[in-house]
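Next come the chains, spelled out residue by residue.
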Amino acid sequence: MRNILLSVSYDGTDFCGWQRQDGGANGKPLRTVQAEMEKALLKVHKSAVSLHGSGRTDSGVHARAQAAHFFSPIDSIPVKNYVFALNSFLPRDVRVNAAREVPLDFDARFSATSRTYRYFFCCSESQFASESRFSWHIKRFPDIKRLNEMASVLSGELDCASFAAAGDASISTNRFIDYAHFYPEGEKLIFEIRANAFLWKMVRTLAGTLLQLEKRGATKAEFQKILESRNRKNAGVTAPPEGLFLWSVEFDGVRRHP
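Novice: Help me understand the side chain of Asn 3 in this model?
Specialist: Looking at the secondary structure, you find Asn 3 in strand 1 (residues 2–10). Polar side-chain contacts of Asn 3 include one of 3.0 Å to the backbone oxygen of Phe 106.

Here is the structure:
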């Protein structure tokens, strides 16, 4: 028995998120990344294999490097061959990009020390069709200095309840944020944030709130007040899913609370 860690990228546009959902509105399973991956694992192993991700992504959200592990009952397959084998059975909008063996007690979720997300804004007047699935078209270039002044509040151990979607089932709304900042890349603006973990729709709510505040000329103090209110009603809009990427999952830092 071996524990295999995969790095997985996907275009989330046509998926109902990462997590398997067997009971859709019509009683049929919904199309999810985990379900497609487990179908491919079944074909490789000739028996059912469960896949465990580092976290969930919502409908329409993408990943450059989602981390997921599974236990393989077959010892004869070289680890590097899992990349080719699984990709031969996966749809084009999911790719395995790397595979490596990890200790049996390793868990893609509970061994992770941080996750990094990037949110992409398209700031040009018109957007290429090929980019419409992967960025939020806002048609203007915001004030990056003002955005980063507000984003500087997002550092250290914080109660992030103001940015959690209704229905978030987390035991605690505290998260440890390593950094959050905005930077330009051509005609795009990128919001990057790294934390030990995130609340449901937290990154999208932060992106939408900060953009709204910047547009009306709000201050760092105003954003701080929203954070400290612990009330989602005081935050702004939730940015659409197409701009969000799970960019990386880190395992070499300090393990903090769940």
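Structure shown, so let's carry the discussion forward.
Novice: How should I be thinking about the nonpolar core in this particular structure?
Specialist: What tends to happen in soluble globular proteins is that the nonpolar side chains get buried as a cluster. Residues Leu 6, Met 37, Leu 86, Phe 121, Phe 191, Ile 193 and Phe 223 are the most contacted members of the largest nonpolar core, which totals 71 residues. Residues in contact with Leu 86, not counting those within four places in the same chain, are Leu 6, Ala 40, Leu 41, Val 44 and Val 96.

Novice: Quick question: what am I supposed to make of the pairing of strand 1 here?
Specialist: When a strand is regular, its side chains alternate between the sheet's two faces. Burial of strand 1 is extensive: eight of the nine residues sit out of reach of the surface. Taken together, the eight bridges between strand 1 and strand 3 (residues 62–72) define a ladder with antiparallel strand orientation. What sits directly across from Val 8, in strand 3, is Gln 66. Where strand 1 and strand 4 (residues 94–102) come together, eight bridges link them in antiparallel fashion. Looking across to strand 4, one finds that Val 8 is bridged to Val 96.

Novice: Any chance you could explain the packing of helix 3 (residues 144–151) against helix 4 (residues 202–215) here in plain terms?
Specialist: To describe two helices that pack against each other, one gives the angle between their axes and the distance between the axes. Between helix 3 and helix 4, whose axes approach to 10 Å, the crossing angle comes to 130 degrees. Taken together, the axes of helix 3 and helix 4 are oblique relative to one another. Every pair of crossing elements has a handedness; the one defined by helix 3 and helix 4 is right-handed. Between helix 3 and helix 4, the contacting residues are Arg 146, Leu 147, Met 150 and Ala 151 on the first element and Leu 210, Leu 211, Leu 213 and Glu 214 on the second. Tallied by class, the residues present in the contact of helix 3 with helix 4 amount to six nonpolar, no polar and two charged.

Novice: Explain the packing of aromatic side chains here, please?
Specialist: Any two aromatic rings considered together are summarised by their centre-to-centre distance and by the angle between their planes. Applying the stated criterion to the full structure yields 14 aromatic pairs. Relative to Tyr 82, the ring of Phe 70 has its centre 5.3 Å away and its plane inclined at 75 degrees; by these criteria the two rings are edge-to-face. Residue Phe 70 is found in strand 3, and its partner Tyr 82 is found in helix 2 (residues 81–87); the two are separated by twelve residues along the sequence. The interplanar angle of 40 degrees and the centroid separation of 6.1 Å between the aromatic rings of Phe 134 and Phe 245 together place this pair among those described as tilted. Of this pair, Phe 134 sits in the loop between strand 5 (114–122) and strand 6 (136–137) while Phe 245 sits in strand 10 (residues 244–250); the two residues are 111 residues apart in sequence, bridging distant segments of the chain. Of the residues examined, Phe 245 reaches a relative accessible area of 14% and is grouped as buried.

Quick notes on the rules
- Residues numbered from 1 in each chain as written.
- Predicted model: local features only at pLDDT ≥ 70, side-chain atom pairs only at ≥ 80, totals over all residues.
- Heavy atoms only, no water.
- Helix = DSSP H or I, 4+ residues; strand = E, 2+ residues; numbered from the N terminus.
- Polar contact = N/O pair within 3.5 Å; in protein donor to acceptor, adjacent residues only side chain to side chain.
- Core = buried A, V, L, I, M, F, W, Y, C linked by side-chain atoms within 4.5 Å.
- Buried < 20%, exposed > 50% of the residue type's maximum accessible area, 1.4 Å probe, protein only.
- Contact = heavy atoms within 4.5 Å.
- Pairing = 2+ DSSP bridges.
- Axes fitted to C-alpha atoms, helices over the stretch in contact; angles between N-to-C directions.
- Parallel < 35°, antiparallel > 145°, perpendicular 65-115°, else oblique.
- Left-handed = near helix turned anticlockwise from the far one by under 90°.
- Nonpolar A, V, L, I, M, F, W, Y, C, P; charged D, E, K, R; others polar.
- Phe/Tyr/Trp six-rings, centres within 6.5 Å; stacked < 30°, edge-to-face > 60°.

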